[in-house]
Amino acid sequence: MHLSTPVEQVKLIDRFSTSNKSLTGTLYLTATHLLFIDSSQKETWILHHHIAAVEKLALTTSGCPLVIQCKNFRIVHFIVPRERDCHDIYNSLLQLSKPASYDELYAFSYNPKQNESKRLQGWQLIDLAEEYKRMGVPNSNWQLSDANRDYEICESYPRELYVPRTASKPVIVGSSKFRSKGRFPVLSYYHRDKEAAICRCSQPLSGFSARCLEDENMLHAISIANPAHHYMYVMDTRPKLNAMANRAAGKGYENEDNYANIRFQFVGIENIHVMRSSLQKLLEVSGTKALSVNSFLSGLENSGWLRHIKAVLDAAIFLAKAIAVENATVLVHCSDGWDRTSQVCSLGSLLLDSYYRTIKGFMVLIEKDWISFGHKFSDRCGQLDGDSKEISPVFTQFLEGVWHLTEQFPQAFEYNEAFLLQIHEHIHSCQFGNFLGNCQKEREELKLKEKTYSLWPFLLDEQKKYLNPLYNQDFSQKLVLLEPNTVSFNFKFWRNMYHQFDRTMHPRQSVFNLIMTMSEQNKQLEKDFKELEAVRRMSLERSLFKIQIGFLRTRIDPTGDGSTYHRPQHAHSVTTTRWLFFFFLSFFAQPCTFVSGMSIVAKYCHLF
Amino acid sequence: MEFAELIKTPRADNVVLHRPFYPAVEGTLCLTGHHLILSSRRQDNAEELWLLHSNIDAIEKRFVGSLGTIIIKCKDLRIIQLDIPGMEECLNIASSIEALSTLDSVTLMYPFFYRPMFEVVEDGWHSFLPEREFELLSSVTNEWRLSYVNKEFSVCPSYPPAVTVPKSIDDEALRRVATFRHGGRFPVLSYYHKKNGMVMMRSSQPLTGTNGRRCKEDSALINATLRAGKRGYIIDTRSLNVAQQARAKGGGFEQEVQYPQWRRIHKSVERYNILQESLIKLVEACNDQSHNMDRWLSKLEASNWLTHIKEILTAACLAAQCIDREGASVLVHGTEGTDSTLQITSLAQIILDPRCRTIRGFEALVEREWLQAGHPFQQRCAQSAYSNSRQKCESPVFFLFLDCVWQILRQFPCSFEFNEHFLIMLFEHAYASQFGTFLFNNESERSKLKLPQKTMSLWSWVNRPQELSKFKNPLFEANSLVIWPSVAPQSLQLWEGVFLRWNRSSKFLDEAYEEMNNIIEYNKELQAKVNALRRQLAELETDDGMQESS
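These numbers were taken from a predicted model, which means no experiment stands behind them. (Residues numbered from 1 in each chain as written. Chains lettered and ligands numbered in written order. Predicted model: local features only at pLDDT ≥ 70, side-chain atom pairs only at ≥ 80, totals over all residues. Heavy atoms only, no water.)

**Details of the overall build of chain B**
And then number 1: Helix and strand content of chain B: 20 helices and 14 strands.
And then number 2: Computed over its C-alpha atoms, the radius of gyration of chain B comes to 26 Å, within 12% of the 24 Å expected for a compact globule of 550 residues.
And then number 3: Overall size of chain B, expressed as C-alpha extent along the three principal axes, is 95 × 80 × 50 Å.
And then number 4: The proportion of buried residues among the 550 residues of chain B is 61%.
And then number 5: For chain B, the proportion of contacts with a sequence separation of at least 24, taken over those separated by at least 6, is 70%.
And then number 6: Only carbon and sulfur atoms are counted for the fraction: they give 51% of the accessible area of chain B, which is about 22300 Å². (Helix = DSSP H or I, 4+ residues; strand = E, 2+ residues; numbered from the N terminus. Rg over C-alpha atoms; globule rule 2.2 N^0.38 Å. Buried < 20%, exposed > 50% of the residue type's maximum accessible area, 1.4 Å probe, protein only. Contact = heavy atoms within 4.5 Å. Areas by Shrake-Rupley, 256 points an atom, 1.4 Å probe, with all protein chains shown as cover.)

In structure tokens form, the structure reads like this:
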């Protein structure tokens, strides 16, 4: 169907080099990837799903330029010698990068050669019922509702929802009818110590004056589910103007007079369209060749990107403080309650609860506030060929918010930047089932748990790569609430995200990688030390008995000088096997050494 | 003594001190000739403030009823506030501080009164003499000589007594070249690149004037550094336009006809008060926490500070590239050759020479390329970012150099023996210090006032093990390679350790840094333990072997 033969003599241009540095190589198209192998055999793989745009530029003397922009912010610039080939590649990529239906996505063909039970186990790794239990619900104030068991009142919500015990079914149903897309107020996070909750919903259909008794009751029920319930906050995460404009369409925001004891608050995060164009502007600036400092800074300012990130974080801080400082419950919404609401609820929880700052906890957080509550990953990431106006970097902003927190609190997170980047990679890769579709109902219909793999066990398997060597658990417990400083100068351009693939811009030596390796090595050294210590003990005991063995004349130290340290994967096994022999001899004389040496025997018996 | 006249109110009680990150503290304020001291009379003395008057950049007074407030803005960019009861006391103290922080006579400065509380192991005044540096050079090449033509500072008042010049050029020729160069700064050796024998020289502009004056000794001098058939590069730190205008005032640049073996490149680097304005704007932007994002970014942009960083680094990279990649010798100059020239030559050495990335090597670089090379510290660092009483000479030239070094350090965090604190320490001492190192404008002035005899050198203090340990980079691994920094705007950062130092708490960052240190230390300790055990086991084995064969 596509290009049958590889295209040779293709040039890959360094997009920031002013002298147009380039590599020459061969370009291949596979069913899932574009592959470029340069003359030094270095491979560049680009997943078709990652391609955001392909552009064919005007023919030059050296060939036909083809620019590919990826969703993970990689930009490659090829020059194809023959225009005809370029045209073919262009057309193939256009098709390949815009799948029309879900079954064309990589996840349905991806096969990591794992057996079925392991695949299923993978899907069970994150269990949200377990997570709500961890938070402390159900309890005397909150219960699991079966109102949406068959998605009958809200299609974009999960089946299992937690609501106040005092909210009866008619109240729930009534409230859901008064909320955009039926997304009525439900529990997102329960703070065990403060007995306060984060709840989320969509905007009320209040128009200019409409009221709904059930909705008012619903909010009251949430309010009194907090034993210290003098008031609760209702956070509308939209700018006031947007919320007011919505009233004309029969939507809007809560009238403080109609709801008992609420404190209503706008926080002014812009909508998905503003965010989309903001990112676009940011990328235009950062992609400019021979950029001056001032054009960079003014471009950064004009894009508004950091302003938006700050707005999201400020909202999350407001939320977290309301709970941690005032013990107040907070209800968060925006328009539909699946973009800004997800950002604010998840970042707020992350500030409040150190569990979400662990690797597993972060997966749970994404699974809960993003996947289960129906953030429209498929639409927002443009996974299928569809309405480009639905695409928006809402989740990317969430990750960037987390990154800013890791910058301010380098010891509070179990995971590192690579973890955030890897997750970002996979919301677009469509390689795993987790982020396909727009809501749980859709995912069930797609039979993702039967046909695809879950990302989380794969990340967990390689978690070594994602561990923060500076992570301090005590620090996390000691510091219950993270209180980041959001003065403007704390916000920085996230180079490692937006220039992930432009290595020339990065520090040439990474402190982080070095410390990570060292921290790994320390673990190995600790083990080596223990084992050597055991061997030494044995050999000392052995010398006491002066057992002489003839065939052990060879030197033990494999490096020959006994001074420099080499990671002794082979070295110490050889050493140990030899000493094991002594061990058995001394064992008869000294049974007590048996215990200390046993672990080594167990470890190395396969060597015999 | 004179100071007493300036201190009308030597002490005031119930003064409240406000400063960044600490709760307000009440105590007694004392004024001495050189210090402002606040003592809270707490048992542990933890809350005491000792501030050098020379560190004070500007003060402001305010009154509410009889309670006076003095806001003190320091040259290290810190701002503190003193609430002093009693209008008269407050006024007296304010005027004393003002007078004491702007003493006319350098010899009244603290370094002349400071008595060290530590034992001097190595006198820093003798640590980096030109003779020592020349010894190092002679071990690799014999094409250069140390000339004492400037022994009496008569040929060039801003040069040290000994300079390194091509062997083939005699002192008489040097004297003649000096008359052809601005301020007598004839071309001298700045750096010898061992790898390929190429050199970097520095000078001031040639005095060609409008009628194209020439000096054959000048071209002979710089040509003496070229290999047969090879061309060299002249990097002029001014734009072509500025260089041309300089001719009207008697200055100028090397014309191709007279220097056919040299290619001239103009790489404009900002200078003088433009840099000072830039610093003032940047500090103002950093100190206002109420800025929204757009305002902050536009203020950061308007300050142009990072633009200057990029310009300077780009020029330094160019110089380094000519030497290392093109295999050509380089002459760097601007107008006087005491400011932007030194930024370029010293940064190029950081890029090229691994020795400059060690602590001692960096100290030697600061001595050689800044202090002995006659950067006018006294004039440039007289005031920092807050002063309103500006003369024209202040300029954060050295500060920008340190920021550039910090940028390279950020990009090559394992290639430097020193850490950020070392650079911050140098910044502080360049502006206000108990040591004599950064006093005066050149070696001639320093020797006239017998600085080495009358004051303590900063290096005497820094180079003691207990101080050095604070400045060591735990990640350091000697890297013998040339390190090419990225100058893309995305790679340059605001030097938070200096500019945001007093504006936000760095507690969590400091703790993380400490943890990083712990991991490194633990790694060393474990390796040592494991290696020791290995050796022990090897010995046991050998013993066994011997027992066997016996």
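Let's pick the thread back up.
**Things to note about the pattern of salt bridges**
And then number 1: Tallying each qualifying case throughout the model produces 58 salt bridges over all chains.
And then number 2: Among the salt bridges present, the one from A:E444 reaches A:R159, with a minimum N-O distance of 2.5 Å. With A:E444 in helix α15 (residues 440-445) and A:R159 in the loop between β8 (142-145) and β9 (161-164), this pair connects stretches of sequence that are 285 residues apart.
And then number 3: The class of A:R159 is partly exposed, set by a relative accessible area of 31%.
And then number 4: Across the pair B:E521 and B:K524 runs a salt bridge whose closest N-O atoms are separated by 3.7 Å. Here the residue B:E521 and the residue B:K524 both occupy positions in helix α20 (residues 507-549), the gap between them amounting to 3 residues, near one helical turn.
And then number 5: Since its relative accessible area comes to 47%, B:K524 is described here as partly exposed. (Salt bridge = Lys/Arg side-chain N within 4 Å of Asp/Glu carboxyl O.)

**Here we look at the confidence of the model for chain A**
Residues and elements named next belong to chain A.
And then number 1: For chain A, the mean per-residue pLDDT works out to 88, and 88% of the residues sit at or above 70.
And then number 2: Mean pLDDT across the elements of chain A bottoms out in helix α22 (residues 593-604) (41) and peaks in helix α13 (residues 394-408) (98).
And then number 3: A low-confidence stretch, residues 547-608 stays under pLDDT 50, and its non-local contacts, those more than four residues away or across chains, total 85 contacts. (pLDDT = per-residue confidence, 0-100.)

**Quick notes on the packing of helix α9 (residues 305-324) of chain B against helix α10 (residues 340-352) of chain B**
Residues and elements named next belong to chain B.
And then number 1: In the contact formed by α9 and α10, the axes pass within 8 Å of each other and the chain directions differ by 60°. By the angle between their axes, α9 is oblique relative to α10. Here the hand of the crossing between α9 and α10 comes out right-handed. Across the interface between the two elements, I312, A315, A316, C317, A319, A320, I323 and D324 from α9 touch Q343, I344, L347, A348, I351 and L352 from α10.
And then number 2: Across the contact of α9 with α10, the residue classes tally to 12 nonpolar, 1 polar and 1 charged. (Axes fitted to C-alpha atoms, helices over the stretch in contact; angles between N-to-C directions. Parallel < 35°, antiparallel > 145°, perpendicular 65-115°, else oblique. Left-handed = near helix turned anticlockwise from the far one by under 90°. Nonpolar A, V, L, I, M, F, W, Y, C, P; charged D, E, K, R; others polar.)

**Focus on helix α4 (residues 171-180) of chain B**
Residues and elements named next belong to chain B.
And then number 1: Listed in full, the buried residues belonging to α4 are A173, L174, V177, A178 and F180. One side of α4 carries all its buried residues, which in axial view fall inside an arc of 155°.
And then number 2: For α4, the secondary structure elements touched by its buried residues are β8 (144-147), β9 (163-166) and α5 (216-223). (Arc of directions from axis to C-beta.)

**Looking at the layout of surface pockets**
And then number 1: There is about 1800 Å³ of room inside the second largest pocket.
And then number 2: Residue lining of the second largest pocket: 48 residues in total, with A:D14, A:F16, A:S17, A:K21 and A:T504 positioned closest to the centre.
And then number 3: Mapped onto the lining of the second largest pocket, the elements with two or more residues apiece are β1 (7-13), β2 (22-29) and β7 (75-80) of chain A together with β13 (262-266) and α9 of chain B.
And then number 4: With 6 residues, the single largest contributor to the lining of the second largest pocket is α9(B).
And then number 5: Class assignment for the residues of the lining of the second largest pocket results in 20 nonpolar, 14 polar and 14 charged. (1 Å grid on protein atoms, 1.4 Å probe; cavity = no way out; pocket = protein on both sides within 12 Å on 5 of 7 lines; lining within 4 Å. Points joined across faces, edges and corners; volume = space filled by probe spheres on them.)

**Remarks on the sheet that holds β13(B)**
All names here are of chain B.
And then number 1: Here 5 strands make up an open sheet; going across it, the order is β10-β11-β14-β12-β13 and the pairing mixed. Among the strands making up the open sheet, the edge pair consists of β10 (188-193) and β13. Strand-to-strand, the axes of this sheet are offset by a mean angle of 20°, without reference to chain direction.
And then number 2: This element, α9, spans β10, β11 (198-202), β12 (232-236), β13 and β14 (330-333) of the sheet and lies at about 145° to β11. (Pairing = 2+ DSSP bridges.)

**Observations regarding the packing of α9(B) against helix α13 (residues 397-411) of chain B**
Residues and elements named next belong to chain B.
And then number 1: Running from N to C, α9 and α13 cross one another at 75°; their axes reach a closest spacing of 10 Å. As summarised for this structure, α9 and α13 are arranged roughly perpendicular, according to the angle between their axes. Packed against α9, whose contacting residues are W305, L306, H308, I309, I312 and L313, the element α13 presents F399, L400, D403, C404, Q407 and I408 at the interface.
And then number 2: Considering only residue class, the contact of α9 with α13 consists of 9 nonpolar, 2 polar and 1 charged.

**Focus on the UniProt feature "coiled-coil region" (unreviewed entry) in chain A**
And then number 1: Per the UniProt entry, the sites bearing "coiled-coil region" (unreviewed entry) are residues 515-542 of chain A in this numbering.
And then number 2: Each end of residues 515-542 of chain A is marked by a C-alpha atom, and these two atoms are 40 Å apart; helix forms 100% of the span and strand 0%. (UniProt positions renumbered as here; feature names shortened; annotations may be inferred.)

**Section: the interface of chain A and chain B**
And then number 1: With 72 residues of chain A at the interface, the matching set in chain B holds 62 residues.
And then number 2: The contact between chain A and chain B buries some 6200 Å² in all, and 62% of this surface belongs to carbon and sulfur atoms.
And then number 3: Counting across the interface, chain A meets chain B through 2 salt bridges.
And then number 4: Note that B:E496 is salt-bridged to A:K492, the shortest N-O span being 3.6 Å.
And then number 5: Where chain A meets chain B, there are 22 residue pairs in polar contact (both at pLDDT 80 or more). (Buried area = accessible area lost by both parts, 1.4 Å probe. Polar contact = N/O pair within 3.5 Å; in protein donor to acceptor, adjacent residues only side chain to side chain.)

**Some points on the side chain of A:S278**
And then number 1: Tracing the sequence through the fold places A:S278 in helix α7 (residues 272-286).
And then number 2: Apart from residues lying up to four places away in sequence, A:S278 is in contact with A:S303, A:G304, A:W305 and A:H308.

**Describing the UniProt feature "active site" (unreviewed entry) in chain A**
Residues and elements named next belong to chain A.
And then number 1: Look at the UniProt record and you will see "active site" (unreviewed entry) annotated at C334.
And then number 2: Mapped onto the secondary structure, C334 falls in the loop between β14 (329-333) and α10 (340-352).
And then number 3: In this structure, C334 is in contact with C201, S202, Q203, D236, T237, R238, D339, R340 and T341, ignoring residues within four places of it in sequence.

**Focus: the pairing of β11(B)**
Residue and element names in this part refer to chain B.
And then number 1: Of all 5 residues in β11, 5 are buried, a share of seventy percent or more.
And then number 2: Of the two faces of β11, the one carrying M198, M200 and R202 and the one carrying V199 and M201 are both buried.
And then number 3: Where β10 and β11 come together, 5 bridges link them in antiparallel fashion. If you follow H193 over to β11, its bridge partner there is M198.
And then number 4: As paired strands, β11 and β14 are joined by 3 bridges and run parallel to one another. For M201, the partnering residue across the bridge sits in β14 and is L331.

**Some points on α13(A)**
And then number 1: An ideal rise of 1.5 Å per residue puts 21 Å on 15 residues; α13(A) measures up with 22 Å between its terminal C-alpha atoms.
And then number 2: Most of α13(A) sits out of view: 14 of its 15 residues are buried. (Expected span 1.5 Å × (residues − 1).)

**Here we look at the side chain of A:S372**
Residue and element names in this part refer to chain A.
And then number 1: The residue S372 is located in helix α11 (residues 359-372) in this model.
And then number 2: Given a relative accessible area of 2%, S372 falls into the buried group.
And then number 3: Polar contacts involving the side chain of S372 include one to the main-chain carbonyl oxygen of K368, which spans 2.8 Å.
And then number 4: Residue contacts for S372: discarding those within four places in its chain leaves L128, S156, Y157, P158, E367 and Q440.

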